[in-house]
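In case you want the letters, here they are:
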Amino acid sequence: MENKFTKRAQNALSYARMQAQDLGHTYIGSEHLLIGLLEERDSVASRMLQKRGITFTKIRTDISEQSLYREKTVISVKDITPRMKKIIECAFKTSEKYGQPLIGSEHLLYALLNESDCLAVRVLENNGLYVHEMKNDLLTFIQSSQKPKSIADNKKKEEKIKELQEFIARFSANASK
């Protein structure tokens, strides 16, 4: 599914894995995703969080203080928690629902905020973030970036027509031989 992510979303997911390793964790969870989203400073998610006073340094510190520090670990994307998998699936469904071909950091953050019982959301709330307001702002941003259905549908139709024309041309070329 990696090619379904924007470059910044891919970077945030990579940062999440690296943060989990640096904290000595054997899994990649919502808290690591939050740190990863903030670490990708030019992403939509990071900028929206920073506008609300949520910084990489503060969140990284809060999460590390709540975790037992262990030696650095080596983990892979296969070590995501079931909740993290659910977050990624929700981000995919959100991007698809609004006609956006790639999952962006905004979709990941929106999906993360839908998980009310996770460490990442608790840390955000403890830092004064009003999750409901943030979700509304994210949804407004996502909707404003939405491709109108008719344009997306027309593009799909044009692609199908082009494929059909190419098939007919190949078929015709083979028939004349």
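Residues numbered from 1 in each chain as written. Predicted model: local features only at pLDDT ≥ 70, side-chain atom pairs only at ≥ 80, totals over all residues. Heavy atoms only, no water.

Chemist: Is there a simple way to explain the pattern of salt bridges in this structure?
Modeler: Opposite charge on two side chains lets them pair, provided their charged atoms get close. With the rule as written, the count across this model stands at seven salt bridges. The salt bridge involving Asp-137 is made with Arg-52; its shortest N-O contact spans 2.0 Å. Taken together, the residues Asp-137 in helix H8 (residues 131-144) and Arg-52 in the loop between helix H3 (44-51) and helix H4 (56-66) connect sequence positions 85 residues apart. Of the residues examined, Arg-52 reaches a relative accessible area of 31% and is grouped as partly exposed. Asp-62 serves as the salt-bridge partner of Lys-58, at 3.0 Å between the closest nitrogen and oxygen. Of this pair, Lys-58 and Asp-62 both sit in helix H4, separated by four residues, roughly a single helical turn. Several salt bridges share partner residues, and in doing so they unite Arg-83, Lys-86 and Glu-115 into one network. (Salt bridge = Lys/Arg side-chain N within 4 Å of Asp/Glu carboxyl O. Helix = DSSP H or I, 4+ residues; strand = E, 2+ residues; numbered from the N terminus. Buried < 20%, exposed > 50% of the residue type's maximum accessible area, 1.4 Å probe, protein only.)

Chemist: Just checking my understanding: could you explain the side chain of Thr-73 for this structure?
Modeler: Among the structural elements, Thr-73 can be located in the loop between H4 and helix H5 (82-97). Here His-25 takes part through its backbone oxygen, which lies 2.6 Å from a polar atom of the side chain of Thr-73. (Polar contact = N/O pair within 3.5 Å; in protein donor to acceptor, adjacent residues only side chain to side chain.)

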